[in-house]
Amino acid sequence: MQTIYPSVRYNDAKAAIVWLKTALGFEEKEVCTGDGDTIAHAELHLAGNLIVLASVKDDPYGTSPKNLGGVTGGIYIAFDSAADVDSRYARAKATGAEIIRELEDTDYGSHEFGVRDPEGHIWSFGTYRPQA
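Residues numbered from 1 in each chain as written. Predicted model: local features only at pLDDT ≥ 70, side-chain atom pairs only at ≥ 80, totals over all residues. Heavy atoms only, no water.

K.L.:
Is there a simple way to think about the pairing of strand β8 (residues 122-126) in this case?
P.N.:
One face of the sheet, then the other: side chains in a regular strand alternate in exactly this way. Along β8, five of the five residues are buried, which leaves the element largely enclosed by surrounding structure. Neither face of β8 is open: one carries Ile122, Ser124 and Gly126, the other Trp123 and Phe125, and all of them are buried. For strand β5 (residues 74-78) and β8, the ladder comprises five bridges, and the chain directions are parallel. From the neighbouring strand, Ile75 faces β8, where its bridge partner is Trp123. Where strand β7 (residues 111-116) and β8 come together, five bridges link them in antiparallel fashion. (Buried < 20%, exposed > 50% of the residue type's maximum accessible area, 1.4 Å probe, protein only. Helix = DSSP H or I, 4+ residues; strand = E, 2+ residues; numbered from the N terminus. Pairing = 2+ DSSP bridges.)

K.L.:
Explanation requested: the pattern of salt bridges in the structure shown.
P.N.:
As a working rule, side chains carrying opposite charge can pair if their charged atoms are close by. Considering all chains together, one arrives at nine salt bridges under this definition. The closest approach of N and O atoms between Arg9 and Asp59, which form a salt bridge, is 3.0 Å. In this pair, Arg9 sits in strand β1 (residues 7-10) while Asp59 sits in the loop between β4 (49-55) and α2 (65-68), placing the two residues 50 residues apart along the sequence. Relative accessible area serves as the criterion here: at 25%, Asp59 is assigned to the partly exposed category. Residues Lys29 and Glu43 are paired through a salt bridge, measuring 3.6 Å at the closest nitrogen-oxygen approach. Here the residue Lys29 occupies a position in strand β2 (residues 27-33), and Glu43 occupies one in strand β3 (residues 39-46), the gap between them amounting to 14 residues. The exposure class of Lys29 is exposed, given its relative accessible area of 53%. (Salt bridge = Lys/Arg side-chain N within 4 Å of Asp/Glu carboxyl O.)

Such coordinate-based values are descriptive only and should not be taken to indicate function.
This is the structure we're talking about:
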């Protein structure tokens, strides 16, 4: 059962939802609009996990890396097989996603790659599953 839910903010959350669905294969579960053209809360699924996202607003919960001029972290999503990672990589590459780490087999046993979304968030996909 998932108990940690990554949460990210976007200047253009509506465009981010479209990009996450198209380039990375997320599925939309819920989208709640906010004032104006904003997203107050959205939930997206991928590989049995859920992330939440929202539009940037003036509160203590964060901003887009685009606004910071850098990245402070990233999100890693584990898949069951190298074939799952390969298909995710092919999908991202076909849509023109910025690949920041090419597909590789690591020294710690993972088959993985990384992409940067249009606002600078880092998304990594691999077969490595850290043990709690």
